[in-house]
Amino acid sequence: MKFVHSADWQLGKPFGRFEPDVRAALYEARFDAIDTLGRIARENGAEHVVVAGDVFDTDGPDDRTIVQAVSRMGRHSCRWWLLPGNHDYARSGGLWDRVRNRVGPTINVITEAEPVEMEGGVWLLPAPLTYRHNLEDPTEAFDSMDTPGARLRIGLAHGSIRDFGSRGETKNQIAADRATRSRLDYLALGDWHGALRVDARTWYSGTPETDGFQRDEPGHALLVELAENNEPAVQPIRTGRFQWLMRSWTVNEHATFEAECARLLETIDPPSTLLQLSLAGITSLGDRIAMLQSLESDITHRLRFLDIRSDDLVGRPSEEDLAGLAVEGILGVAAARLNEQAAAGGTEAVLAKRALERLFVEYSRGGQP
């Protein structure tokens with residue numbers, strides 16, 4: 001049996017920190033990922049897509065979010081199995097009743113912790129969350145779930161593997177040996193946003209569209225093939241359109257900066273890249289200004305989004321810079337005084353550096369400081 005394992009769609013995520021055009025692109029990409037999952041299922045002969053929680057970003061999405069989700073899934077011939085997670089937990093009269101009112105026969109909403117026969121002899125053991133945070137292991141009930149005539153038992157849950165990257169969390173924790181303990185052929189997990197193998201039968205699929213700068217990898221889903229008495233064959237397949245990158249460059253001259261820019265642009269698809277860039281180093285004020293201007297007037301327009309962090313890129317005026325200011329009389333006197341204060345250190349040094357840079361910037365632009 002083949003199926004696609006996905007999780008953490010978080011449809012309706014607002015991405016409020018971004019400008020409207022970026023926000024709209026990221027928002028829509030999460031719906032497009034549903035079509036990508038349907039295509040992966042069709043192309044690989046998988047008749048089912050299991051979604052291990054957090055289909056929606058909240059337990060109260062607007063109608064458009066629900067209709068988009070249901071209509072996108074309905075365009076594909078595979079069967080969809082949707083599990084409530086901590087973002088979209090199940091409650092009476094809530095989100096999942098609204099979803100049920102709109103779904104067709106190929107979309108299955110699982111709000112009860114009861115086994116379901118997906119096809120002959122293949123049983124799905126679900127652990128839907130009914131609260132945002134559960135103190136008990138949501139998969140503990142798997143041990144006693146009756147699956148008559150089972151060829152394969154597939155667990156579906158949302159939470160953190162106990163003592164595995166949980167950082168002290170005690171909510172929604174799942175036993176690390178759950179697959180063995182509950183005689184599962186495969187345990188499909190959600191919550192961790194990267195594709196991750198816990199053991200041969202226990203995997204996190206990650207989110208189909210990355211939503212933060214925690215990792216370089218784009219979104220993935222897992223194509224899973226099961227056979228009785230064999231370990232699962234698990235293949236990660238890229239689903240994400242956007243890539244979120246973090247880069248730190250140490251640049252002490254403009255030539256180094258240009259080389260880093262060229263290297264970056266050669267290895268990415270700029271319109272699909274969001275970049276958080278940290279700059280560090282000591283360079284001339286002229287080079288610092290040229291670097292930032294290049295980022296702001298060129299690179300930022302190539303990328304989908306650019307977040308520049310340049311506080312650790314220290315600009316100091318060269319002898320040429322100071323000579324250029326000196327010809328202006330009073331400006332040269334002010335620049336020399338500020339440079340002395342910056343070199344002396346102490347509480348006034350940071351302010352002096354910023355004032356000196358502002359003076360040089362305005363002078364370079366031909367404006368009045």
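See above for the structure.
Residues numbered from 1 in each chain as written. Predicted model: local features only at pLDDT ≥ 70, side-chain atom pairs only at ≥ 80, totals over all residues. Heavy atoms only, no water.

### Quick notes on the overall build of the chain
Of regular secondary structure, the chain possesses nine helices and 17 strands. Computed over the C-alpha atoms, the radius of gyration of the chain is 27 Å, more than 25% above the 21 Å expected from 2.2 N^0.38 for a compact globule of 369 residues. The dimensions of the chain, computed from C-alpha atoms along their principal axes, are 90 × 40 × 40 Å. Of all 369 residues assigned to the chain, the portion counted as buried reaches 50%. (Helix = DSSP H or I, 4+ residues; strand = E, 2+ residues; numbered from the N terminus. Rg over C-alpha atoms; globule rule 2.2 N^0.38 Å. Buried < 20%, exposed > 50% of the residue type's maximum accessible area, 1.4 Å probe, protein only.)

### Focus: the nonpolar core
In terms of nonpolar packing, the biggest core is built from 30 residues, with Val4, Trp9, Phe56, Trp80 and Trp96 touching the most fellow members. Secondary structure elements with two or more residues in this core: helix 1 (20-43), strand 2 (48-51), helix 2 (63-74), strand 3 (79-82), helix 3 (95-100), strand 4 (107-109) and strand 13 (220-225). Tallying contributions element by element places helix 1 first for this core, with six residues. In contact with Trp80, not counting residues within four places along its chain, are Trp9, Ile34, Leu37, Gly38, Val49, Met73, Thr106, Ile107 and Asn108. Val50, Ile110, Met118 and Leu222 belong to the second largest nonpolar core, which has 20 residues in total. (Core = buried A, V, L, I, M, F, W, Y, C linked by side-chain atoms within 4.5 Å. Contact = heavy atoms within 4.5 Å.)

### Looking at the sheet that holds strand 15 (residues 243-250)
On the basis of which strands lie adjacent, the open sheet formed by three strands has the order 15-16-17 and parallel pairing. At either end of the open sheet lies a strand with only one pairing partner, and these are strand 15 and strand 17 (305-316). With strand direction ignored, the average angle separating the axes of adjacent strands in the sheet is 5°. Direction of pairing for strand 16 (residues 273-284) relative to strand 17: parallel, over a ladder of 10 bridges. Looking at strand 17, one finds that Ser278 is bridged to Arg309. (Pairing = 2+ DSSP bridges. Axes fitted to C-alpha atoms, helices over the stretch in contact; angles between N-to-C directions.)

### Points about the packing of aromatic side chains
One pass over the full model with this rule turns up 10 aromatic pairs. Judged by centre distance (5.6 Å) and plane angle (75°), the ring pair of Phe3 and Tyr186 falls under edge-to-face. Of this pair, Phe3 sits in strand 1 (residues 2-6) while Tyr186 sits in strand 10 (residues 186-190); the two residues are 183 residues apart in sequence, bridging distant segments of the chain. Aromatic side chains Phe213 and Trp244 sit 5.1 Å apart centroid to centroid with 70° between the ring planes, which places their arrangement in the edge-to-face category. With Phe213 in the loop between strand 12 (202-204) and strand 13 and Trp244 in strand 15, this residue pair connects regions lying 31 residues apart in the sequence. We note that Phe213, like Trp244, is buried. The rings of Phe15, Phe18, Phe213, Trp244 and Phe305 are connected pair by pair, giving a single aromatic cluster. Over the ring of Phe31 we find Arg64, and its NZ or CZ is 6.0 Å from the ring centre. (Phe/Tyr/Trp six-rings, centres within 6.5 Å; stacked < 30°, edge-to-face > 60°. Lys NZ or Arg CZ within 6 Å of the ring centre and 35° of its normal.)

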